[in-house]
Structure formats: C-alpha cells, structure tokens
Amino acid sequence: GPGGNKIRSLEFILGEALEAGATKILASGPVQSNLCALTAAACARVDLPCELVINGDEPAHKEGNLLLAQLLGTKLHFLGPCDGDTRNRHMEELLNKYQSEGERPFAVRNGATTGRGALGYTSAVVELYHQCQDLLNALPCVLSPSVAAVGAVISQTPLAGSSMGCLLYTSD
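Quick summary incoming for the structure in this document.

Reading guide: rules and limits
- Residues numbered from 1 in each chain as written.
- Predicted model: local features only at pLDDT ≥ 70, side-chain atom pairs only at ≥ 80, totals over all residues.
- Heavy atoms only, no water.
- Helix = DSSP H or I, 4+ residues; strand = E, 2+ residues; numbered from the N terminus.
- Buried < 20%, exposed > 50% of the residue type's maximum accessible area, 1.4 Å probe, protein only.
- Contact = heavy atoms within 4.5 Å.
- Areas by Shrake-Rupley, 256 points an atom, 1.4 Å probe, with all protein chains shown as cover.
- Salt bridge = Lys/Arg side-chain N within 4 Å of Asp/Glu carboxyl O.
- Core = buried A, V, L, I, M, F, W, Y, C linked by side-chain atoms within 4.5 Å.
- Phe/Tyr/Trp six-rings, centres within 6.5 Å; stacked < 30°, edge-to-face > 60°.
- Lys NZ or Arg CZ within 6 Å of the ring centre and 35° of its normal.

**Here we look at the overall build of the protein**
- For the protein, the helix and strand inventory stands at seven helices and four strands.
- The helix and strand sequence of the protein, counted from the amino end, reads α-β-α-β-α-β-α-β-α-α-α.
- Residues classed as buried in the protein amount to 41% of the 172 residues present.
- By sequence separation, contacts in the protein at least 24 residues apart represent 69% of the contacts at least 6 residues apart.
- A total accessible area of about 9,500 Å² is found for the protein, and carbon and sulfur atoms account for 56% of it.

And the structure:
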C-alpha cells in the first residue's frame, strides 16, 4: 500500500496524541507526501482534526494524496516553494499559535520516525512471530535482528523497532 511503513508508526504516534488529549494533529511534507495522506486518513479514523503544512504551491486541481486529504476534511496550508526546514518552522509556528489559543495540538514530526514510532515495527515482529507459529503449526519461528534489517534500510526507525521485536522473541 501507499506508505505502509508509516501507518505502523502512526498507530503509536496517534495513540500518544490521544493519550495526551490532543485536539488536532499537524503534519508536514511535500505536495504528494505519503506521510501526510496517511496521517490525514489515520486522523479521520480516530476522529481527530488534521492539518497539513505543505511546501509547494496549491494546485488548481487536487489529485493523489492531496485529493485524499481534502476528501478526508483535512485543512491544507500551502507555503509555496520552500525547503523542509522552512516548512517545519512554519508547522512549529502553527503549533505555538494553536497552543496560545488554548488548543492541544500534536505534531507528527520527522516523518514519523521517532522512538514511539519504532514501536510499530516492534508490534509488527510480534504479529509476524504469531503468524509464523499459526502457519507452521507451532514449529519454531526463527527471528533475528539481522533478519529485521532486510527491507529496513531506509530509516533507523524500522530497523530499531524490528530489532527490538526480534530481541523479545530470541532472548530465551
């Protein structure tokens, strides 16, 4: 699917936001960001308003991830052409503005690659372990941190979470 790795992180990040009593979620990215679209969808699922800060011009006709975000009722802030640092500063300014107005906004930062987000991958290994057990009729399921590294080379969050999950089942 579109950005399946992000949805695992978002499950735990939005859980943290709900636990903190967040009143809305802010995320940022480029015009067709998978993270932004998935954040909008996840927020719609848990009934949290979502706002996206986009570094790019607003297109005359939205398509792809922008169309999905719009259909989900997400408020979009287009900054025009700018770099990621400028976009992130704008998101922090928006976060501070909402806080000063008495809201409790929660920001999905750094592409959802956080320690909390890594728990999504730990959870994935737990699921994988149980699926192996079910499919292999309770034969031993071999997991190791080196296996977790396969396919997790894009960022450290999948590697860290997957390695932790493997360690949970190989520490006997």
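**Things to note about the pattern of salt bridges**
- In this structure the tally under the stated criterion is five salt bridges.
- The salt bridge involving glutamate 51 is made with lysine 24; its shortest N-O contact spans 3.0 Å. Note that glutamate 51 is positioned in strand E2 (residues 50-55) and lysine 24 in strand E1 (residues 24-30), a separation of 27 residues in sequence. For the residue pair glutamate 51 and lysine 24, the accessibility class agrees, reading buried in each case.
- In this structure, lysine 24 engages glutamate 103 in a salt bridge whose closest nitrogen and oxygen atoms are separated by 3.5 Å.

**Describing the nonpolar core**
- Counting residues in each nonpolar core, the largest one holds 24 residues, and the members touching the most others are Ile25, Cys43, Leu52, Ile54, Leu76, Phe106 and Val108.
- Listed by contribution, the elements that provide at least two residues to this core are helix H1 (4-19), E1, helix H2 (34-45), E2, helix H3 (64-71), strand E3 (75-78) and strand E4 (105-108).
- Per-element tally for this core: the top contributor is H2, with six residues.
- Apart from residues no more than four positions distant in its own chain, leucine 52 is found in contact with Ala27, Cys36, Ala69, Thr74, Lys75, Leu76 and His77.

**Here's the deal with the packing of aromatic side chains**
- All chains considered together, the criterion is met by zero aromatic pairs.
- Taking the ring centre of tyrosine 98 as reference, the NZ or CZ of lysine 24 above it sits at 3.7 Å.

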